[in-house]
Structure formats: C-alpha cells, structure tokens
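Listed below are the residues making up each chain.
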Amino acid sequence: MKRVNLHIRTYLDILLFLLLVTIKVLLYGKQMESGYFSYFSLFSPVFASILIIIAISLLFSNSRRVKFLYLCNIIITLFIIGDLTYFRYFKDVISIPVLINGLQLGAVKSSVSTLIRLSDFLYALDIILIFPILIKFKYANRFELSRTLKLSLFFILLIFSFSINAKSFYDLSKDQPRLLTTFYNRVYIVKRLGFLNYHYLDLYNSLNTSISKNTPVSKKKENEIKTFLQSNSQDTSNLKGIVKGKNLIMIQVEALQGFVINSKVEGSEITPNLNKYTKNSIYFDNFYYQISAGGTSDAEFMSNNSLYPAVSGAACFMYCGNEFNAMPKSFGEAGYETSAFHGFRESFWNRNVIYKKYGFNNFYGEKSYNIDENIGLGLSDKSFLSQSVDKIKELNEPYYAFLITLSSHFPFDDVNNYGDLNVGQYENTLLGDYLKAIHYTDAQLGMFFDKLEKEGILKDSVVVLYGDHYAIPKDHVTELAKFLNKDSLSDLEYAKLQKVPMLIHFPDESNKGVNSIPGGQMDIYPTLCNLFDLPSKDLMGKDLFNPKDESVIFRDSSFIDGKYYYMSQTNNYFDMSTGQKIDENEDLKSKKENALNQLEYSDEILKHNLFKKFGKEN
Ligand code: GP9
Ligand code: MN
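The numbers attached to residues start from 1 for each chain and follow its sequence in the written order. Labels follow written order: the first chain is A, the first ligand is 1, and so on. Restriction of local features to residues with pLDDT of at least 70 applies here, the model being predicted, together with a cutoff of 80 or more for giving and counting side-chain atom pairs; totals for whole chains, interfaces and linings are based on all residues. For the side-chain quantities, the full set of heavy atoms in the structure was used; hydrogens and water were omitted.

By the naming in an unreviewed UniProt entry, the protein chain goes by LTA synthase family protein and is assigned to Clostridium thailandense. UniProt positions are given in the numbering used here, feature names are shortened, and annotations may be inferred rather than shown by experiment. Recorded in UniProt under Sequence similarities (unreviewed entry), the annotation for the protein chain is "Belongs to the LTA synthase family." Of the protein chain, the UniProt comment under Pathway (unreviewed entry) reads exactly: "Cell wall biogenesis; lipoteichoic acid biosynthesis."

K.L.:
Residues and numbers for the overall build of the protein chain, please.
P.N.:
The number of helices and strands found in the protein chain is 25 helices and 19 strands. The reference for a compact globule is 2.2 Å times residues^0.38; the radius of gyration itself is calculated from the C-alpha atoms. Its C-alpha atoms give the protein chain a radius of gyration of 27 Å, within 12% of the compact-globule value 25 Å for 618 residues. On the principal axes, the C-alpha backbone points of the protein chain span a range of 90 × 60 × 50 Å. Residues are treated as being in contact if the distance between any of their heavy atoms lies within 4.5 Å. Counted over contacts in the protein chain with a minimum sequence separation of 6, partners at least 24 positions apart contribute 75%. Each helix corresponds to a stretch of at least 4 residues labelled H or I by DSSP, and each strand to a stretch of at least 2 residues labelled E; elements are numbered beginning at the N terminus.

K.L.:
Please give an account of helix H2 (residues 12-32) that cites residues and values.
P.N.:
Counted at 1.5 Å a residue, the expected span for H2 with its 21 residues is 30 Å, and the 30 Å between its end C-alpha atoms agrees. For the exposure calls, accessible area comes from a 1.4 Å probe over protein chains only, and a residue counts as buried if that area is under 20% of its type's maximum, exposed if over 50%, partly exposed in between. Burial analysis of H2 places 15 of its 21 residues in the buried class, which makes it a mostly covered element. Each helix should span, by expectation, one fewer than its residue count multiplied by 1.5 Å.

K.L.:
Talk me through the domain arrangement of the protein chain; I want residue IDs and the actual numbers.
P.N.:
For the domains described, the bounds stem from an automatic or database domain assignment. Assigned domains within the protein chain: domain 1 (2-213) and domain 2 (224-617). Centre-to-centre separation of domain 1 and domain 2, based on C-alpha positions: 37 Å.

K.L.:
Report on the site of ligand 1, specifying residues and quantitative values.
P.N.:
Taken together, 12 residues lie near ligand 1, and Thr296, His342, Trp349, Arg351 and His409 sit nearest. At a separation of 2.5 Å, an oxygen atom of ligand 1 approaches a polar side-chain atom of Thr296. The separation between an oxygen atom of ligand 1 and a polar side-chain atom of Trp349 is 3.0 Å. Residue-level accessible areas treat just the shown protein chains as cover; the underlying method is Shrake-Rupley with a 1.4 Å probe. Relative to its unbound accessible area of 310 Å², ligand 1 is 97% covered by the protein chains. Gly is put with the polar residues, along with every residue not named as nonpolar or charged; the nonpolar set is Ala, Val, Leu, Ile, Met, Phe, Trp, Tyr, Cys and Pro, and the charged set is Asp, Glu, Lys and Arg. Here the shell around ligand 1 is composed, by residue class, of five nonpolar, five polar and two charged. Proximity criterion: a residue is near a molecule or strand once any of its heavy atoms comes within 4 Å of it. Contacts described as polar in this section are N or O atom pairs within 3.5 Å, which, within protein, must combine one atom able to donate a hydrogen with one able to accept it, while residues neighboring in sequence count only if both atoms come from side chains.

K.L.:
Lay out the pairing of strand S10 (residues 399-404) in plain terms, naming residues and giving numbers.
P.N.:
Two faces, one strand: in a regular strand the side chains alternate between the faces of the sheet. With six of its six residues buried, S10 lies for the most part within the structure. In S10, alternate side chains face the same way, and those of Tyr399, Ala401 and Leu403 on one face and Tyr400, Phe402 and Ile404 on the other are all buried. Here strand S1 (residues 247-253) pairs with S10 via five bridges, running parallel. Bridge pairing in S10 links Leu248 to Tyr400. With six bridges connecting them, strand S6 (residues 337-342) and S10 associate as parallel partners. Bridge assignment links Glu337 to a residue of S10, and that residue is Tyr399. For two strands to count as paired, DSSP must find a minimum of two bridges between them.

K.L.:
Give me the lowdown on the UniProt feature "transmembrane region" (unreviewed entry) in the protein chain, citing residues and values where you can.
P.N.:
Residues annotated in UniProt with the feature "transmembrane region" (unreviewed entry) correspond here to residues 12-30, 36-61, 68-89, 121-139 and 151-170. Between the first and last C-alpha atoms of residues 12-30 the distance is 27 Å; the span itself is 100% helix and 0% strand. As a span, residues 151-170 carries 100% helix and 0% strand, and end to end its C-alpha atoms are 28 Å apart.

Written as structure tokens, this is what we have:
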C-alpha cells in the first residue's frame, strides 16, 4: 500500500493532467459543436492526443515533468479560450496562419472583447487550484525511473496513442477524403478528432505548406490547372462590352447581409436607398459571400481576383509576395486609372502592400481623409463617402474606383450615432443594433448616389455594390430567427441566409431587374470582364450573365449547384426547394469532386505563385 501511495504521489501530476485536460477538451468540443455531439465518439481521439503529451513528459525528470505538464496545461487552456472566442465570430477555429495575421484582431478589439465570455475563464480554474498541490507533491517524489525505463515507457505510450489515433484519422479520411490534407473544414476536424489533434495537424500542415511553397507543383497538376482555367474563360455573348470605356465604381459594404433588403422593422424600411437601387439596377438576390478566415480582406481578394480565399489564414498576408491576375491590373492594361478608397488604417489587412500587387495605381487610406467624424471603428461612412466623391472627381477617366465602407462593423455598438430607426422589440439586442447600423449606412449610400448623380458622374459610370460577409454571427441565430418570424432556423435555412446583396447599376438604367442565378463574390470579376470587354483569362469564377453552371463553392467545400446544397460540416446533401436531405449519388459525388478540385487549383495557384510562372511562359 505504501508503494502504491508513493507511486500516486510521484505521478499525481500525470494523473491530474490526463483527467483535467480530457475534461477540458471534451467540454470545449461540446461548446464548439452545432447540432449532434457525442462525448463517447470524441473520447478516444482526445484521450490518445493527450497521451502523446504524457509520453513526451516521461522523458523528463520528475520535477521537470511537473513543470512541463503544467506549462502544457496553460498553453492548452489559452488556445481553448482563444478558439472559443474566434469561433463565436468566424465560425471557425484558429490556425497558425490566422495567428500570424492575428495582429488584425487588435484593431477590431471591440468585436473580440464582446465575444470573450467570463465563463470561458472557468477553463483556467484548475491551473490556479492545482498549483499549490503540485508544489507540495513535487518535492514528494523520491525516486526517478531509469533512463531505459523512461524511454521504453515513452515508446510504448506513443505507439499506443498513435494506434488509437490512427483509427480515428483513417475513419475521417474515408468519410471526408482530402480533408486532412486540404484542411478545408477545420471545425469538422475538431468535431471528429478533438482540439489537440486538430492543432497537431495545423502545425504539421503549416510546416508542410511552408515546405511545399518551395517545392515545384507537378507538371501534371500544372496542366490540369491550365486546362481548367482555359475551359473556364468561355466565350461570352450576352451583354458583352455594353459598357466598354465607362467608369467603374465598386462599393464593398461592411456587413451588408441580404435579409435586410426590402425588409421592414416597426413598419419602416431598413434600407430604403438600397431597396430603390435594387429596382433601377440588375439585382442578384441569390448571391452568397464566400469569405473564410480573411474576413473583409477575403471579400476584396475574391471580387478583385476571382480566386478562393486561402485554405487557412488570410491571402492578403500569406501570399502578398505573389503575382496576381487582378481586376485593377486588367483595367490598368485597358487604359484605366485604378484607385482604392477606405477610411481606415492603411496597413489593416495588409492593404498598403497587397493593393499594389493587385495593380491599383492609388490607395487612399485613413491618412488621405479628414477624420472629422468617427462612428464605430473609424471614419464615418457619411464623411468617407462624401470625401470620396470629391476624390473620384479628380481621377483621370476612365477609372476603376473601389470603395470599402466601415461604420456598420460588428458589434454595431455605436448606436447613438446611427440615427433614429425604431427597432421595437429588438432594442438593445445585437440584431436591433445591426438594423440601426445598416440603416445608417444605407442613408449614406443614398447620399453617395445622389452626389454622384449631381456631379454628373453616374451617367458615365457603372456602379457595383455588394456586401462583404454576414452581420449576425451563429451564436445570435435565435435573434435572427425571431426577426424572420420563426422559432428556430435549421442548418439549411441558416446557410441560405448567408447571402449578401449584389447589384449592378448601369449608366442609363437600360438594364434592370432581379437576376436569381446562384452566384458569389468569385463571379464579380468575370462578370465585369464581359461587360467591359476585358480579357477574362485565368479566372475561377463564372460570368453571371453567361453562366456555364449554377454552382457556388465555399471555402469549407460546401457548395450550391442549382437546387442542391452540400453542407460539408455535416457531410449532408439537401434539396434546397424542399429542404429535404438527399443521399449522395454519382452526380452529386462528381459535383463534390469538382468543388474540391477547384479549391485545390486555387490553392495551388496561390501556394506556388503559378500566375508568375504562367506569365513567364506566355
Ligand atoms: C477594417 C475593416 C473591417 O479595415 O475592413 O474588416 P473585418 O473585421 O470586417 O474583416
Ligand atoms: Mn467586414
């Protein structure tokens, strides 16, 4: 008995680490999970992933092992709190590339600070409580295992944990082929393998990515990509070149989500100006955002490049050394002056670097504006848009002007400055604050259009307007359901709400009406190439006026194809008209394969800077 007691005292740190971290990681999995969750199915990969750390700890002396495990517990806890916060806003888990551009979170600290919950810090409770116990027992250890015994225990435990994990990894790779290599759906990996295995994989993938950047892509894969791009730049006819030589003004509106268009609250229109412009423009009412970890920067990356966002992290950081075949470059080659406008810090989302690589001649950031009124994160949309018209007037025609608004940014908490929209029962809720914020931004967009008209700009310009991403995050879905007079939203109903409005206003308003072709931010560039008669080579998206298909592919490999929706998070197919789940068939399987191929081609183009290579070959 005395000997057992001594063993317990000697290995108490390991027992505590195994117990506490297993509980933490399983609880974290439950909090991350939307829908079905099983502690039982997650237990074995989680247990195996923790055993790996314990195996490593056995290589240390007793006292060092106590410190090593305590430090690991602290790091794991910090990652859990960080992941939960990140998930509440981005519906994703942190990856190393995201951490690399994590500096961006500082600037949107109001978002982050509203997302961290006090209850999250309960995960750190054990770190405080067990500290004195470990100190007391640390010196209680009287014997050290021999080096040979430590090494053999290390290998036995490692082999045991890897064999348990191997089964979980194998099952996942059968269920979701390519997921473990392309990492397109990180939440699903956490759900099936647990938090620690996900971060082991993330570390491996990040190391692998940095190595693969320096290894050439195979000639076979390169030719596959070239063939796809050539087939994708199909001849177009409908509306070809009808606005050739006209100016282009493209406005990306912060957090403009589709459900507010033509909606009312307490009898008042939420976006009366946009509602008006959906009627005198071509309005795409079935248009989705396709952003990933890069948030707003992903939206501007896609609309200007027609390439998918980076598989993790933000392309604007990870690939800022690449050559791009971007829209500003295409317009520049057609004799346009190209300028970007955004009333926030020039370095945010690496814009002062990446815009040059896109081919913008000018970038007017915060320093180019008179910061005379702040709302939300910075310069108010009213002041930004008004000053921007004055700058646009000075541009040499023809020009491409790209504007990004800011005031309607999460958590929409500058409510005293958004004006007086009565939101009734939604007062003091996130949704109510959002309705006020977007109502304010809508008013400024109305002023902007009026000023363009007064200055005689509108009659010589095409205006494209679209939202960058959702406004109401998943953890406020009940508020959104209530606003839509529903008790709750199914996964499919929630997915169908991830639309943003997109409209194209023609100079003489000769083309107007609703176009319901399923589309996304990837399709803006090819659509404008057709209208302005620019060469549309090497683009991944489709021309919405000459669509080759009705597919919209998302970064996590979910996709829409006509009436079908594939939800990668749950690996389910749906008939969008009936909402019914449907079994996978050969046709759906090939659509899924096609989606994965396109995501892979886009990733290979970015990882290996292929446009630079292709450019040299042409
Ligand atoms: C900051 C603004 C916000 O410049 O674009 O970016 P977001 O937080 O929405 O990605
Ligand atoms: Mn945004």
